[in-house]
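# Coordinate inspection notes
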Amino acid sequence: MSRIGRKPIAVPAGVEVTLAEGNVITVKGPKGTLTRTLHGDMIIKQEAGEIIVERPSEDKMHKSLHGLTRTLVANMVTGVTTGFSKELEINGVGYRAQKQGNKLIMNLGYSHQVEMEDIPGLTVEVPAPNKIVVSGADKQAVGQLAANIREKRPPEPYKGKGIKYVDEHIIRKEGKVGKAKK
């Protein structure tokens, strides 16, 4: 049996979970509302302030879906209560970011400024010119937006210039070494 899949998901106070036909789950909380359609084979029950995910058989596919389904529901509950965030760091001379209205404007060493529109449901903050914080209730959307921002100028291995996650480690390379002259 899946170790992750059999753990019950505690529903905190102030969170409302609704199960609809076809495994459509809606979670409402202080940070917003999330809705997701889960695989139809999985059995999702709500009992005494907990959500329990069960699988119908021991098929390989059902075993794979068991832990995944439980984790998706747990992430929805966590998202509407505490939320998720990703921090990005900009390294490089003259590289910086700023927020203007609902746009993120970045100077990344190109001949033009890189502009990105805000996505509804997510907040992008720039606490310092070299730091970007993406936060929201949907874990997948937060991660995707952070990856899209990082994609504009990924870190390079020689000087470490570019946009990287705060907890990311860049493996550095040594530059070219010239031949010794005779």
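Data block above holds the structure.
Residues numbered from 1 in each chain as written. Predicted model: local features only at pLDDT ≥ 70, side-chain atom pairs only at ≥ 80, totals over all residues. Heavy atoms only, no water.

### Topic: the overall build of the protein
- Scanning the protein from N- to C-terminus turns up two helices and 13 strands.
- Relative to a compact globule of 182 residues, whose C-alpha radius of gyration would be 16 Å, the protein shows 22 Å and is clearly more extended.
- Once the C-alpha set of the protein is aligned to its principal axes, its extents read approximately 75 × 45 × 25 Å.
- On the protein, roughly 11,300 Å² of surface is accessible, and the fraction owed to carbon and sulfur atoms is 50%. (Helix = DSSP H or I, 4+ residues; strand = E, 2+ residues; numbered from the N terminus. Rg over C-alpha atoms; globule rule 2.2 N^0.38 Å. Areas by Shrake-Rupley, 256 points an atom, 1.4 Å probe, with all protein chains shown as cover.)

### Examining the sheet that holds strand E3 (residues 24-29)
- The strand order E2-E3-E4 describes an open sheet built from three strands, whose pairing is antiparallel. This sheet does not close on itself; its edge strands, each paired only once, are strand E2 (16-20) and strand E4 (32-37). Neighbour-to-neighbour, the strand axes of this sheet turn through a mean angle of 15°, independent of strand direction.
- Relative to E3, E2 runs antiparallel, the two sharing five bridges. Bridge pairing in E3 places Ala 20 opposite Val 24.
- Contacts from helix H1 (residues 60-81) reach E3 and E4, with the element oriented near 20° to E3. (Pairing = 2+ DSSP bridges. Axes fitted to C-alpha atoms, helices over the stretch in contact; angles between N-to-C directions. Contact = heavy atoms within 4.5 Å.)

### Points about the environment of Glu 50
- Tracing the backbone shows Glu 50 in strand E6 (residues 50-54).
- Sequence separation between Glu 50 and Lys 7 is 43 residues, and the spatial gap between their C-alpha atoms is 9.9 Å.
- If we skip the residues at most four places from it in the chain, Glu 50 touches Pro 8, Ile 9, Ala 10, Val 11 and Lys 45.

### Some thoughts on the sheet that holds strand E8 (residues 96-100)
- With antiparallel pairing, three strands are arranged side by side in an open sheet as E8-E9-E10. Sheet topology places E8 and strand E10 (114-117) at the edges, where each strand pairs with a single neighbour. On average, each strand axis in the sheet is tilted by 20° relative to the strand beside it, whichever way the strands run.
- Judged from the four bridges that link them, strand E9 (residues 103-107) and E10 form a sheet pairing that is antiparallel. Along E10, the bridge assignment pairs Met 106 with Val 114.

### Description of H1
- An ideal rise of 1.5 Å per residue puts 32 Å on 22 residues; H1 measures up with 33 Å between its terminal C-alpha atoms.
- Every buried residue of H1 is accounted for by His 62, Leu 65, His 66, Gly 67, Thr 69, Arg 70, Val 73, Ala 74, Met 76, Val 77, Gly 79 and Val 80.
- Where H1 is buried, its residues meet strand E1 (9-10), E3, E4, strand E5 (43-47), E6 and strand E7 (84-91).
- One or two residues past the end of H1 sits Gly 83, with phi positive at roughly 85°. (Expected span 1.5 Å × (residues − 1). Buried < 20%, exposed > 50% of the residue type's maximum accessible area, 1.4 Å probe, protein only.)

### Quick notes on the environment of Gln 113
- Among the secondary structure elements, Gln 113 is positioned in the loop between E9 and E10.
- Aside from chain neighbours lying at most four places away, what touches Gln 113 is Ile 105, Met 106 and Asn 107.
- Only 3.2 Å separates the side chain of Gln 113 from the side chain of Asn 107, close enough to count as a polar contact. (Polar contact = N/O pair within 3.5 Å; in protein donor to acceptor, adjacent residues only side chain to side chain.)

### Observations concerning the pattern of salt bridges
- On inspection of all chains with the given rule, the structure shows eight salt bridges.
- In this structure, the salt-bridge partner of Glu 58 is Arg 55, at a minimum N-O distance of 3.2 Å.
- Here Arg 55 falls in the buried class, since its relative accessible area comes to 11%.
- Residue Lys 99 pairs with Asp 118 through a salt bridge whose shortest N-O separation is 2.5 Å. (Salt bridge = Lys/Arg side-chain N within 4 Å of Asp/Glu carboxyl O.)

### Some thoughts on the nonpolar core
- Membership of the largest hydrophobic core comes to 19 residues, with the highest contact counts inside it found for Leu 88, Leu 104, Met 106, Ile 132 and Ile 149.
- If you list the elements that add at least two residues to this core, you get E7, E9, E10, strand E11 (122-128), strand E12 (131-136), helix H2 (139-151) and strand E13 (162-165).
- At four residues, H2 tops the list of elements feeding residues into this core.
- Listed in part, the 16 residues of the second largest apolar core include Ile 25, Val 27, Leu 34 and Val 80. (Core = buried A, V, L, I, M, F, W, Y, C linked by side-chain atoms within 4.5 Å.)

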